[in-house]
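These are the residues of each chain, in order.
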Amino acid sequence: MEEKETVTQRERLEQQLRFIVEVDKVKNIFRQTYLADGQRKENDAEHSWHLALSAVLLKEHMKEDVDLTKVMIMVLIHDLVEIDAGDTYAYDTAGAVTKREREVKAADRIFGILPEDQGTYFRQLWEEFEAYETADAKFAHLLDNFQPLLLNDASDGKSWTEHGVHKSQVCKRNERIPETSEIVWEKMQEIMDRHVERGHLKAD
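Reading guide: rules and limits
Residues numbered from 1 in each chain as written. Predicted model: local features only at pLDDT ≥ 70, side-chain atom pairs only at ≥ 80, totals over all residues. Heavy atoms only, no water. 1 Å grid on protein atoms, 1.4 Å probe; cavity = no way out; pocket = protein on both sides within 12 Å on 5 of 7 lines; lining within 4 Å. Points joined across faces, edges and corners; volume = space filled by probe spheres on them. Nonpolar A, V, L, I, M, F, W, Y, C, P; charged D, E, K, R; others polar. Phe/Tyr/Trp six-rings, centres within 6.5 Å; stacked < 30°, edge-to-face > 60°. Lys NZ or Arg CZ within 6 Å of the ring centre and 35° of its normal. Helix = DSSP H or I, 4+ residues; strand = E, 2+ residues; numbered from the N terminus.

Describing empty space enclosed by the protein
Right, so step 1: This structure, assessed with the given rule, holds one cavity of 30 Å³ or more.
Right, so step 2: Approximately 40 Å³ is the volume attributed to the largest cavity.
Right, so step 3: Forming the walls of the largest cavity are Met62, Lys63, Glu64, Ala135, Lys138, Glu179 and Thr180.
Right, so step 4: A per-class count over the lining of the largest cavity returns two nonpolar, one polar and four charged.

What follows is the structure, given as C-alpha cells:
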C-alpha cells in the first residue's frame, strides 16, 4: 500500500512539474499595455503578478467580502490560456468573436496537464472568472481592468494613443466596476478624464 501511494505521489509530482514548466511560456505572451516607464510592453506573467499583489492591497475597497486566496489564484491563472490562444486586445472586436472558442480549447489542454483534482479546481476558477458573477470574480475583473488603466496613466497614455482608443470604449469595458467598488470607479473616471484633456483618449 505504501509503495502504491509513493508511486501515485510521484506521478502527481511529475504532472505538477510538467504544468509548472509549461506555464513558463506565459512569460512570452506580450500584452498591448506598456510598463509604467513606457519602455516596453508587459507580458502576461508580469500582469498576473501585478494583479495578485494589487488584490492584497485593494481588498479593503470592495463592497463585498471576498476570499483573497481564491482571488489571487484566479488572477494568477486567468491568462494561462493565452499560451495557446494568444492575447486578445481589449478593444479588438474581430478577435473577440473567436476568443471564447480559442480559450476553452486552451483551458482543456493546459489545465489537463495537472492531476485531475488540481486541474479541475483551476478550470473551475477560470470559468468562475469568465462568468463574472461572484464577488470573487468581480474583484478579479476589477483588478484585471484597473491595472492597465493605471499603467496607461503612468506611461502617458501610450497604448491608448497607439490604438486610437475612445473614452466610451474604456467606459463600456468597465461599466460593471461601480457595483464592485465606487471609489475605484471614481479614480478610473478621474484618470480617463485627465487623458481626454491631454488628447490620449478620444472624447466621444
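From this point on, the discussion continues.
Some thoughts on the packing of aromatic side chains
Right, so step 1: Within this structure, the stated rule accounts for three aromatic pairs.
Right, so step 2: Here the aromatic rings of Tyr121 and Phe122 are separated by 6.3 Å at their centres, their planes lie at 45°, and the arrangement is tilted.
Right, so step 3: Members of the aromatic cluster, connected to one another through ring pairs, are Phe19, Phe111, Tyr121 and Phe122.
Right, so step 4: Positioned over the ring face of Tyr34 is Lys158, at 4.5 Å from the centre of the ring.
Right, so step 5: Its end group placed over the ring of Tyr132, Arg176 keeps NZ or CZ at 4.0 Å from the ring centre.

Structural notes on the layout of surface pockets
Right, so step 1: Taken as a whole, the second largest pocket encloses approximately 340 Å³ of empty space.
Right, so step 2: Phe19, Ile20, Val23, Leu76 and Leu80 are, among the 16 residues lining the second largest pocket, the residues nearest its centre.
Right, so step 3: Looking at the lining of the second largest pocket, the element that brings in the most residues is helix H1 (residues 2–22), giving three residues.
Right, so step 4: Of the residues in the lining of the second largest pocket, the class split is 10 nonpolar, three polar and three charged.

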